[in-house]
Amino acid sequence: MTQLHSSFQTVMQRRIVPAFMITINAGVFLSLLIPRPAPLKVIGIAATIQLIVCLVYYLIYQSMVSPAADSVVYEDGALRVRRHGREVSIPVASITGIRGRLGLNPETITLDLSEPTAIGSSVTFIPPARFPSSKEHPMMATLRELME
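The text that follows walks through the structure, step by step, so that each part is easy to find. (Residues numbered from 1 in each chain as written. Predicted model: local features only at pLDDT ≥ 70, side-chain atom pairs only at ≥ 80, totals over all residues. Heavy atoms only, no water.)

**Quick notes on helix 3 (residues 138-147)**
Taken as a whole, helix 3 has its buried residues at M139, M140 and L143. Looking down the long axis of helix 3, one finds its buried residues gathered within 105° of arc, a one-sided arrangement. (Buried < 20%, exposed > 50% of the residue type's maximum accessible area, 1.4 Å probe, protein only. Helix = DSSP H or I, 4+ residues; strand = E, 2+ residues; numbered from the N terminus. Arc of directions from axis to C-beta.)

This is the structure:
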């Protein structure tokens with residue numbers, strides 16, 4: 001059994017990272033108000049803009065990590081994939097393509113399947129974290145080896 005992805009990574013990317021980034025954003029906004037008080041109207045406009053920025057960030061970020069599987073484990077020639085409470089076993093032979101998203105954090109890997117499953121016709125997951133690079137994630141090479 002080879003763990004290709006952990007649920008901890010998904011929880012971090014879905015819950016902790018957005019909350020942390022929004023907290024930092026709010027902290028920066030508040031720190032700018034402390035040194036020089038501004039009229040209430042200016043504060044209201046700035047707060048509205050800040051809220052919109054946080055909301056747009058959150059929605060874009062969630063669209064990147066929401067389709068990710070909760071866990072992906074390789075066992076005996078098949079991938080056991082769990083996503084949103086459903087678990088399926090996908091034979092490695094049914095993987096027709098591997099795509100990775102480079103330069104973004106979190107990186108994601110998408111496996112295209114020849115036949116649709118209960119969780120869709122592709123599987124996206126977040127591989128173990130690494131510093132973003134212009135090279136493909138080493139997990140993609142591991143998956144290609146498993147396919148052969």
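**A word on the pattern of salt bridges**
Enumeration over the complete set of coordinates arrives at 3 salt bridges. The partner of R80 in a salt bridge is E75, and the shortest N-O contact between them spans 3.0 Å. On the accessibility criterion, R80 (28% relative accessible area) is partly exposed. Since its relative accessible area comes to 27%, E75 is described here as partly exposed. Note that R80 is salt-bridged to E87, the shortest N-O span being 3.1 Å. Residue E87 is classed as partly exposed on the basis of its relative accessible area, which comes to 47%. Members of the salt-bridge network, linked through shared partners, are E75, R80 and E87. (Salt bridge = Lys/Arg side-chain N within 4 Å of Asp/Glu carboxyl O.)

**Here we look at the sheet that holds strand 6 (residues 109-117)**
A sheet is described by the order of its strands in space; here 3 strands give the open sequence 5-6-7, paired in antiparallel fashion. The open sheet is flanked by strand 5 (95-100) and strand 7 (120-125), the only strands paired with a single partner. Across this sheet, the average inter-strand angle for adjacent strands is 25°, counted without regard to direction. Bridge count for strand 6 against strand 7 is 5 bridges, and the pairing is antiparallel. When the sheet's bridge partners are listed, D112 is paired in strand 7 with S122. (Pairing = 2+ DSSP bridges. Axes fitted to C-alpha atoms, helices over the stretch in contact; angles between N-to-C directions.)

**Here we look at a nonpolar patch on the surface**
On the surface, a nonpolar cluster with roughly 470 Å² of combined accessible area is contributed by F20, M21, I24, V28 and L32. Of note, L32 is situated in helix 1 (residues 7-33). Residue classification places L32 among the exposed residues on the basis of a relative accessible area of 53%. (Patch = residues over 30% accessible without salt bridge, like charges linked within 9 Å, V, L, I, M, F, W, Y side chains within 5 Å. Areas by Shrake-Rupley, 256 points an atom, 1.4 Å probe, with all protein chains shown as cover.)

Read these as layout, nothing more, since geometry by itself doesn't imply function.
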